Amino acid sequence: MTTDHGDVPRGGAAEPDEPALDVAETLRLIREQQDRARRATEPDSRLLFLAWGVAWLVGYLCLWASAVRVVDGTATVRLTTRAGQVVGAQPEPWAFWVFFSLIAAAVAFTIVHSVTRTAGTRGVSARTGAMYGWSWMLGFVCFGFVLGGLARAGASEEVMSLASNAFACVVVGLLYLGGAAAFGDRGLFVLGVWILLTAAVATFAGLPLTYLVMALAGGGGFLVMAVIEHVLRARRRRLATRTAPARASAEGAADV
């Protein structure tokens, strides 16, 4: 009798702990599977940052270098009477072709990448990815019509250059803010805010410095965010690989 009563409390104390450990481990595995599935069905922000960083850095540097060459080589550029500051320097046609080709490639990559990453999913995730991808195309189509309206209204070349740059940055910045809200990505939100601020500073800088500001702050900002995002993901993977063996050994010691 005494032995039976002594064994019961030990067994009763051990039984509640085992289901608790099993439930905790199960919840952890479920969270890990959900995180992996979410990463596999959402756009990879590193690739988006890299595509837009290269497009803006190379494209805007071409515009700036071409505008500076025109300033030095022709007398068609208007100068201020006192300080001699360059005003209204326009890049050469080839630079615009390079720039818009790179932007079109970045837009196409964003659409294809966002749509294909959610192609195998259904429900809210698929709709969110598809709407986000097509929002880029709609935004830049409307952007083209706005510029056409300004040109038809008689806007000068300088106004058209500043407006095209500013409106493009506003479209990109707001789309990144929308993507941050849709996918819960803080990196997208930070980059969206940075692009909007860069557009404001570049517009006040005036031509041709606008192109240089956009190349270094805009394109450089994209590339920096790509590196930061890659480092953060690598760090999370290392922490996950270190935590799993430690947890397994701790559970093994508890069982002993």
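Now for a look at the structure at hand. Since this is a predicted model, take the numbers as computed values, not measurements.

### A word on the packing of helix α6 (residues 157–183) against helix α7 (residues 186–205)
- The geometry of α6 relative to α7 is characterised by a closest axis approach of 7 Å and an angle of 165° between their N-to-C directions. The angle between α6 and α7 places the two elements in the roughly antiparallel class. Both α6 and α7 take part in a crossing whose hand is left-handed. Across from L162, N165, A166, C169, V170, V172, G173, L174, Y176, L177, G179 and A180 in α6, the residues of α7 making contact are L188, F189, L191, G192, V193, I195, L196, A199, A202 and T203.
- When the residues that make up the contact of α6 with α7 are grouped by side-chain class, the tally is 17 nonpolar, five polar and no charged.

### Here we look at the pattern of salt bridges
- According to the stated counting rule, one finds three salt bridges in the structure shown.
- The salt bridge involving R46 is made with D44; its shortest N-O contact spans 2.9 Å.
- The network of salt bridges with common partners includes D44, R46, E229 and R233.

### Let's talk about the nonpolar core
- Counting residues in each nonpolar core, the largest one holds 41 residues, and the members touching the most others are W52, W56, F140 and Y176.
- If you list the elements that add at least two residues to this core, you get α3 (45–73), α4 (93–117), α5 (124–152), α6, α7 and α8 (209–255).
- With residues up to four places along the chain from it excluded, the contact list for W52 reads I103, A106, V107, T110, W136, F140, V172, Y176 and F222.

### A look at the layout of surface pockets
- The space that makes up the second largest pocket amounts to roughly 400 Å³.
- Breaking the lining of the second largest pocket down by element, the ones donating at least two residues are α3, α4, α5 and α6.
- No other element matches the seven residues that α6 contributes to the lining of the second largest pocket.
- Within the lining of the second largest pocket, the residues separate by chemical class into 17 nonpolar, four polar and one charged.

### A word on the side chain of T198
- Tracing the backbone shows T198 in helix α7.
- With relative accessibility at 4%, the residue T198 sits in the buried group.
- Beyond its immediate chain neighbours, meaning those up to four positions away, T198 contacts V213, M214, A217 and G218.

Procedures and definitions
Residues numbered from 1 in each chain as written. Predicted model: local features only at pLDDT ≥ 70, side-chain atom pairs only at ≥ 80, totals over all residues. Heavy atoms only, no water. Axes fitted to C-alpha atoms, helices over the stretch in contact; angles between N-to-C directions. Helix = DSSP H or I, 4+ residues; strand = E, 2+ residues; numbered from the N terminus. Parallel < 35°, antiparallel > 145°, perpendicular 65-115°, else oblique. Left-handed = near helix turned anticlockwise from the far one by under 90°. Contact = heavy atoms within 4.5 Å. Nonpolar A, V, L, I, M, F, W, Y, C, P; charged D, E, K, R; others polar. Salt bridge = Lys/Arg side-chain N within 4 Å of Asp/Glu carboxyl O. Core = buried A, V, L, I, M, F, W, Y, C linked by side-chain atoms within 4.5 Å. Buried < 20%, exposed > 50% of the residue type's maximum accessible area, 1.4 Å probe, protein only. 1 Å grid on protein atoms, 1.4 Å probe; cavity = no way out; pocket = protein on both sides within 12 Å on 5 of 7 lines; lining within 4 Å. Points joined across faces, edges and corners; volume = space filled by probe spheres on them.

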